[in-house]
Amino acid sequence: MSRIVGHLDLDYFYAQVEEVEAPSLRGIPVLVCVFSGRTEESGVVSTSNYKAREYGVKSGMPIALAKGRLKGVEAAFIPMHHAKYEAYSDRVMGTLRSRVDLLEQAGIDEAFFDVTKKTGGDYDAAAAFARELKDEIFREEKLSCSIGIGPNKVVAKIASDFKKPNGLTVIRDDQALAFLSPLPVDRIYGVGPKTAKLLEENGITTIPELARSPIERLEDLLGKKLAVYLRNASNAIDDEPVVDRGGTSQLSRMITLKTDTRDLQQVVAELLPALKDVHEKLISKDLFFRSISAIGILKDLSPHTRSKTLETPTNDYSVLEKEVRDLFAALLREVGDLRRAGVRLGELQDMVDQRSLTDFTS
Ligand code: DCP
Ligand code: CA
Ligand code: CA
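Keep in mind that this is a model prediction, so the values were computed, not measured.

**A short note on the site of ligand 1**
Thought 1: In the region of ligand 1, 13 residues are neighbours, and Tyr12, Ser46, Thr47, Tyr50 and Arg53 sit closest.
Thought 2: The backbone of leucine 10 places a nitrogen or oxygen atom 3.3 Å from an oxygen atom of ligand 1.
Thought 3: Taking threonine 47, its side chain carries an N or O atom lying 2.5 Å from an oxygen atom of ligand 1.
Thought 4: Taking 560 Å² as the accessible area of ligand 1 by itself, protein coverage stands at 68%.

Take a look at the structure:
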């Protein structure tokens, strides 16, 4: 029986949560912003609703630039409320987990799932399931999402992005190659602007062009690991299983660095907001961590990790930041430029396990 894999991604997630909580925002451009605090306009747009996107607003754009694009238009600029989005995310993921054979959360607003057993390998049953799932999430949270169904993670991910917002795209294994054939290479997960440019300079812009390229040539350009992955992906081949990484046994965040680098100061500086998020989540769940890992992903997508186990569990932010800095210093002595960087806290434990009674009474 061939696999049936899905990918679900919530639409304009942070901005949609703000709309759900304040329905009067519907119909006007809504921009969720990370204000850096220096001036009223300094900072970047985290995301925006589709109305704002009509004016050319994009994630990561400076707030001042977005304001320029929306001159004379009634629009809402809302500060980011990360803990609130986490709460919505946790509930949606909980619903999803209870409905599928296997769930792999891949970000705050997206997850891969496997429904091979549940559907008996039948794509019509998978399509019906996806429609019910969308209805259920909308009934429970008033949130719309887009779902892709396919024979593997690569195809499911491209399919969920194919019709957005509120889309459902089902691609059977015998349709997968034709589905990919008109698409540009950057639709494949792992092909960022740099890889896309490198491929374009070598005459490769569409997925079939990538699929036909001699593997030796791709290996020269991209390194063996990325070349093999992309060559397979472009042929709709991907054997990566959906892996349930569990609920709260670990907390992690990854970011994509603004530029590939092996400069410790830059890596740590760009990672700071993610460290603060992870720490906030730790505190909100009343947890302590005992192990900590620095994760670096290189240009060829190979992951590199340095970990440490502390003598005693802690929830102290300054320890977290110091250990991350030390671990990245060690990691960067041994590897090349990082494309992505992240932190993972493990061996999480409840506060009540950690504190003696006197801590509570003093
Ligand atoms: N995000 C962010 N900064 C970015 C990109 C994303 O803070 N540069 C946050 C805000 C998004 C959330 O992550 O709501 C999910 O990112 P997506 O890429 O899935 O984008 P959206 O959900 O906002 O929109 P789409 O409807 O395209 O999925
Ligand atoms: Ca999304
Ligand atoms: Ca997403």
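**Structural notes on the packing of helix α13 (residues 264-284) against helix α14 (residues 317-332)**
Thought 1: Put simply, α13 and α14 touch, their axes get as near as 10 Å, and they point 145 degrees apart. When you trace α13 past α14, the crossing you get is right-handed. Contact with α13, carried on its side by Leu264, Gln265, Val267, Val268, Leu271, Leu272, Leu275, Lys276 and His279, involves Tyr317, Leu320, Glu321, Val324, Arg325, Phe328, Ala329 and Leu332 of α14 and no other residues of that element.
Thought 2: Residue classes in the contact of α13 with α14 are distributed as twelve nonpolar, two polar and three charged.

**Some thoughts on the sheet that holds strand β1 (residues 5-10)**
Thought 1: Pairing within the open sheet is mixed, and its five strands lie in the order β5-β6-β1-β7-β8. Looking at which strands have only one partner, the edges of the open sheet turn out to be β5 (102-107) and β8 (168-170). Across this sheet, the average inter-strand angle for adjacent strands is 15 degrees, counted without regard to direction.
Thought 2: Judged from the five bridges that link them, β1 and strand β6 (residues 110-114) form a sheet pairing that is antiparallel. If you follow leucine 8 over to β6, its bridge partner there is alanine 111.
Thought 3: Each of β1, β5 and β6 touches helix α4 (residues 82-99); the most contacted strand, β5, lies at about 155 degrees to it.

**Concerning helix α6 (residues 123-141)**
Given 3.6 residues per helical turn, the α-helix brings residues three or four places apart onto the same face.
Thought 1: Here α6 spans 27 Å end to end across 19 residues, near enough to the 27 Å set by a 1.5 Å rise per residue.
Thought 2: Among all positions in α6, only Tyr123, Ala126, Ala127, Phe129, Ala130, Leu133, Lys134, Glu136, Ile137 and Glu141 are buried.
Thought 3: If you check the start of α6, you find a side-chain oxygen 3.4 Å away from the backbone N of aspartate 124, and it comes from aspartate 122.
Thought 4: Downstream of α6 by one or two residues, lysine 142 has phi in the positive range, about 60 degrees.

**Considerations on the coordination of the calcium ion (ligand 3)**
Thought 1: Donor atoms from the polypeptide that bind the calcium ion (ligand 3) are Asp9 (OD), Asp109 (OD) and Glu110 (OE), placed at 2.3 to 2.4 Å.
Thought 2: Each donor residue of the calcium ion (ligand 3) belongs to the same chain, with the gaps between them written as D-x99-D-E.
Thought 3: Between the calcium ion (ligand 3) and the calcium ion (ligand 2), the interatomic distance is 3.6 Å, and aspartate 9 donates to each metal, bridging them. Of this pair, aspartate 9 sits in strand β1 while aspartate 109 sits in the loop between β5 and β6, and the two are 100 residues apart along the sequence.

**A short note on the coordination of the calcium ion (ligand 2)**
Metal coordination angles have textbook ideals: 109.5 degrees for a tetrahedral set of four donors and 90 or 180 degrees for an octahedral set of six.
Thought 1: Protein-derived ligands of the calcium ion (ligand 2) are Asp9 (OD), Leu10 (O) and Asp109 (OD), with the metal-ligand distances lying across 2.1 to 2.3 Å.
Thought 2: Bound by six donor atoms, the calcium ion (ligand 2) shows angles of 79 to 170 degrees at the metal and therefore octahedral coordination geometry.
Thought 3: The sequence pattern formed by the donor residues of the calcium ion (ligand 2) is D-L-x98-D.

Thresholds applied
Residues numbered from 1 in each chain as written. Chains lettered and ligands numbered in written order. Predicted model: local features only at pLDDT ≥ 70, side-chain atom pairs only at ≥ 80, totals over all residues. Heavy atoms only, no water. Near = heavy atom within 4 Å. Polar contact = N/O pair within 3.5 Å; in protein donor to acceptor, adjacent residues only side chain to side chain. Areas by Shrake-Rupley, 256 points an atom, 1.4 Å probe, with all protein chains shown as cover. Axes fitted to C-alpha atoms, helices over the stretch in contact; angles between N-to-C directions. Helix = DSSP H or I, 4+ residues; strand = E, 2+ residues; numbered from the N terminus. Left-handed = near helix turned anticlockwise from the far one by under 90°. Contact = heavy atoms within 4.5 Å. Nonpolar A, V, L, I, M, F, W, Y, C, P; charged D, E, K, R; others polar. Pairing = 2+ DSSP bridges. Expected span 1.5 Å × (residues − 1). Buried < 20%, exposed > 50% of the residue type's maximum accessible area, 1.4 Å probe, protein only. Donors = N, O, S within 2.8 Å, 3.2 Å for Na, K, Ca; no water. Tetrahedral: all angles 85-135°; square planar, octahedral: opposite > 155°, others 65-115°.

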